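Next come the chains, spelled out residue by residue.
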Amino acid sequence: MQYTFHPIESQIINLLFFPQCVEFSKHEAECAKLGECNEFSSESLTEEFQRIEATLKPFEKRIQRFYYDMYSIPRLLLKNYSPFGHSSVESYLEHLENEAEQNLLTCIVTKLYLDIREESSVCDEVIHQISQDIHAQMNVLDSLETTPDEKWKLANLLRNPKVLITEWLALLHELLPIFAEYYDSKKEQVEQLGLRLIQQLNETDGNALVGLSNGMLNKSLIPSGSILVSCIEPVSIQIYYTPSTPFVLWGLEMESFIHYLQITREIDLRARVNLFKILGDKTRYEVVRMIAQGVDSAKTIATTLGVSQPTISYHINNLVTSKIISLERVDQKYIHKVNFEMLEKTYQAMLHDFGKS
């Protein structure tokens, strides 16, 4: 398989999620509340996003109409409206502007339905029936593990998809000059990282992916070999499994972050203390326990533990990053598994620290 970096598609994705930077301080406060202060984040990176947040502040109320706690219009649309095949940001936005309302509604319903069923595909007839039945749509919303306010916003979107998406696109056009100024300062870094990644992956037939992602990914997780780079979510690796072209969105700062993790792990004691700190959270510990028992549904875990699904997703992402659990692809589905080998090694190392030979 040939790995490919897509610069235009990367720019499109970065624009779509650029408005959510207005919530940067709120996100940082939530992380701190969960005890997840990011020791890696540099002062310059924090200041960079604070500047973006300040620039977007006059648009905050309008942005919040389209970017919610768990969902956002771009996350709902990317299921069917891939950034691939467009010559520019404007081309992608124009494509959405010209799309029929029924097609937009079908896309949103499909994404929401698949999320509550935790499946990768659904019969077209089922989606058609839900799209024509407002009561069926409300049943889908009732099944979502999110806030009443977000359900209300989603209900409004289902009632008026064309109107709200047109207003969202108008907002993006208004923000485009602000985004362009920011992205121009990042474009060279984005493209250099993308080209460097695919060179290493193609030279090793994808086998370098495990090392590059610090064990978070393997080549079976990227069936299309498509790589995009995000400067808006710089410390993350995300998989977008779309019907046309699945792709990995690679954070611009992930190389530095992984290097930081590797240096940290060279100090064995610190790495072990970090693991016990992560598992010291009762909710996170219960998440690992349930995954070990074969439960891989974030919705089921959230319901069982009595917390929100976004909180569970946050904990799972943290556990994957720390390699306590791993992500694997089985029969077109992504499942999580506990990394018992790593836990066993850590346990044995702890016994050695305490003088047990």
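Residues numbered from 1 in each chain as written. Predicted model: local features only at pLDDT ≥ 70, side-chain atom pairs only at ≥ 80, totals over all residues. Heavy atoms only, no water.

J.: Would you mind going over the nonpolar core in detail, with residue names and values included?
T.: Ranked by size, the top nonpolar core spans 106 residues in total, and within it Leu77, Leu112, Ile165, Trp168, Trp250 and Ile324 carry the most contacts. A per-element tally of this core places helix α11 (residues 161–203) first, with 16 residues. Beyond its immediate sequence surroundings of up to four residues, Trp250 is in contact with Leu193, Leu197, Leu209, Leu212, Ser213, Leu217, Leu228, Val229, Ser230, Ser236 and Ile237. (Core = buried A, V, L, I, M, F, W, Y, C linked by side-chain atoms within 4.5 Å. Buried < 20%, exposed > 50% of the residue type's maximum accessible area, 1.4 Å probe, protein only. Helix = DSSP H or I, 4+ residues; strand = E, 2+ residues; numbered from the N terminus. Contact = heavy atoms within 4.5 Å.)

J.: Describe the environment of Ser220, with residues and values.
T.: With respect to the element layout, Ser220 can be found in the loop between α12 (209–212) and β2 (226–230). The sequence separation of Ser220 and Met350 amounts to 130 residues, and the corresponding C-alpha distance is 33 Å.

J.: A description of helix α7 (residues 101–117) should follow, citing residues and the corresponding values.
T.: The terminal C-alpha atoms of α7 lie 24 Å apart, and with 17 residues this matches the ideal 24 Å at 1.5 Å per residue to within 8%. For α7, the set of buried residues is Leu104, Leu105, Cys107, Ile108, Val109, Thr110, Leu112, Tyr113, Leu114 and Ile116. Buried residues belonging to α7 abut α5 (73–77), α8 (124–131), α9 (134–142), α10 (148–159), α11 and α16 (298–305). Backbone geometry just after α7 places Glu118 at a positive phi near 50°. (Expected span 1.5 Å × (residues − 1).)

J.: How would you explain the sheet that holds strand β4 (residues 247–251) if you had to name every residue and give the values?
T.: Hydrogen bonding along the main chain pairs the strands of a sheet, whether they run parallel or antiparallel. In spatial order, the strands read β1-β2-β4-β3; together these four strands make up an open sheet with mixed pairing. Looking at the sheet topology across the chains shown, the edges are occupied by β1 (4–5) and β3 (237–240). Two elements, β2 and β4, share five bridges in a ladder whose sense is parallel. Bridge pairing in β4 places Val229 opposite Trp250. Running over the sheet, helix α1 (residues 7–17) touches β1, β2, β3 and β4 and is turned about 45° from β2. (Pairing = 2+ DSSP bridges. Axes fitted to C-alpha atoms, helices over the stretch in contact; angles between N-to-C directions.)

J.: How would you explain the environment of Leu252 if you had to name every residue and give the values?
T.: By the element assignment, Leu252 lies in the loop between β4 and α13 (254–266). Sequence separation between Leu252 and Val190 is 62 residues; the distance between their C-alpha atoms is 6.5 Å. If near-sequence neighbours (up to four positions away) are discounted, Leu252 is found in contact with Lys186, Gln189, Val190, Leu193, Val229, Ser230, Cys231 and Pro234.

J.: Account for the packing of α7 against α9, with residues named and values stated.
T.: The packing of two helices is summarised by the inter-axis angle and the distance between the axes. Running from N to C, α7 and α9 point in directions that differ by 40°, and their axes come no closer than 9 Å. The angle between α7 and α9 places the two elements in the oblique class. The handedness of the crossing between α7 and α9 is left-handed. Residues Leu105, Leu112, Tyr113 and Ile116 of α7 lie in contact with α9, whose contacting residues are Gln137, Val140 and Leu141. (Parallel < 35°, antiparallel > 145°, perpendicular 65-115°, else oblique. Left-handed = near helix turned anticlockwise from the far one by under 90°.)

J.: Pulling in residues and values, what's your account of the packing of aromatic side chains?
T.: Inspection of every chain in the model, using the stated rule, returns six aromatic pairs. Taken together, a centroid distance of 5.6 Å and an interplanar angle of 20° make the contact between Phe24 and Phe49 stacked. Within this pair, whereas Phe24 is found in helix α2 (residues 24–33), its partner Phe49 is found in helix α3 (residues 43–56), the two being separated by 25 residues in sequence. A relative accessible area of 14% means that Phe24 is categorised as buried. Relative accessible area serves as the criterion here: at 6%, Phe49 is assigned to the buried category. Taken together, a centroid distance of 5.2 Å and an interplanar angle of 25° make the contact between Phe179 and Tyr183 stacked. On the criterion of helical spacing, the pair formed by Phe179 and Tyr183 is a turn pair, its members being four residues apart in helix α11. The residues Phe179 and Tyr183 share a single accessibility class, namely buried. (Phe/Tyr/Trp six-rings, centres within 6.5 Å; stacked < 30°, edge-to-face > 60°.)

In short, geometric facts, not functional conclusions.
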